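One letter stands for each residue in the lines below.
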Amino acid sequence: MAKQKIRIKLKGFDHRIVDQSAAQIVDAVERTGAVVVGPVPLPTHIQKFSVIRSPFIDKDSQEQFEIRTHKRIIDIIETTSKTIDALTKLNLPSGVEIDIKL
């Protein structure tokens with residue numbers, strides 16, 4: 001197979017699960033003999049929401065909530081057919097969004 005670059009993007013709300021799944025991917029790919037760059041942590045996207053506590057009198061009292069989205073990028077260089085097979089057979093935990101681009 002020609003030199004092909006695979007980029008894997010991981011997203012999740014819990015940073016421990018994202019790091020754990022990134023470590024599983026790196027271990028599986030390194031066993032096949034491919035070169036791995038990463039995981040590279042990207043900036044955390046924080047969404048903040050303010051909600052009024054009471055709909056009637058206490059409009060000045062608000063609660064704040066936030067959602068943190070943690071992201072990692074893994075680049076795989078010099079892939080083989082074994083590398084792609086290892087990636088498809090991985091059993092990763094739920095709660096992690098995986099985007100694979102060839």
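Below is a short write-up of the structure. Predicted model, so just to flag it, every value in this text is computed and none were measured. (Residues numbered from 1 in each chain as written. Predicted model: local features only at pLDDT ≥ 70, side-chain atom pairs only at ≥ 80, totals over all residues. Heavy atoms only, no water.)

1. Observations regarding the overall build of the chain
Our working rule: The way it works is that DSSP assigns letters per residue, a run of H or I at least four long becomes a helix, a run of E at least two long becomes a strand, and they are numbered from the N terminus. The size measure is the radius of gyration over C-alpha atoms, and the globule rule it meets is 2.2 Å times the number of residues to the 0.38 power. Note on areas: Shrake-Rupley, 1.4 Å probe, and residue coverage restricted to the protein chains presented here. Neither His nor the chain ends contribute to the count of charged residues, in which Lys and Arg are positive and Asp and Glu negative. By convention, the charge on Lys lies at NZ, on Arg at CZ, on Asp at CG and on Glu at CD.
Of regular secondary structure, the chain possesses two helices and four strands. Reading the secondary structure of the chain in the N-to-C direction produces β-α-β-β-α-β. Taking 2.2 N^0.38 as the reference for a compact globule, 102 residues should give roughly 13 Å; the C-alpha atoms of the chain span a radius of gyration of 19 Å, well beyond that estimate. For the chain, the spread of C-alpha atoms along the three principal axes comes to 70 × 20 × 15 Å. A total accessible area of about 7200 Å² is found for the chain, and carbon and sulfur atoms account for 52% of it. Distance between charge centres in the chain, computed from 16 positive and 13 negative side chains, equals 5 Å.

2. Some points on a nonpolar patch on the surface
We apply this condition: Residues with no salt bridge and a relative accessible area higher than 30% make up the patches, which join like charges within 9 Å and nonpolar side chains (Val, Leu, Ile, Met, Phe, Trp, Tyr) within 5 Å. Here a salt bridge means any side-chain nitrogen of Lys or Arg lying within 4 Å of a carboxyl oxygen belonging to Asp or Glu.
Among the surface-exposed residues, F13, F49, V51, F65 and I67 lie close enough to one another that they form a single nonpolar patch of about 480 Å² accessible area. Within the residue set of the nonpolar patch, elements represented by two or more residues are β2 (35-52) and β3 (62-77). Examined against the element boundaries, F65 turns out to sit in strand β3.

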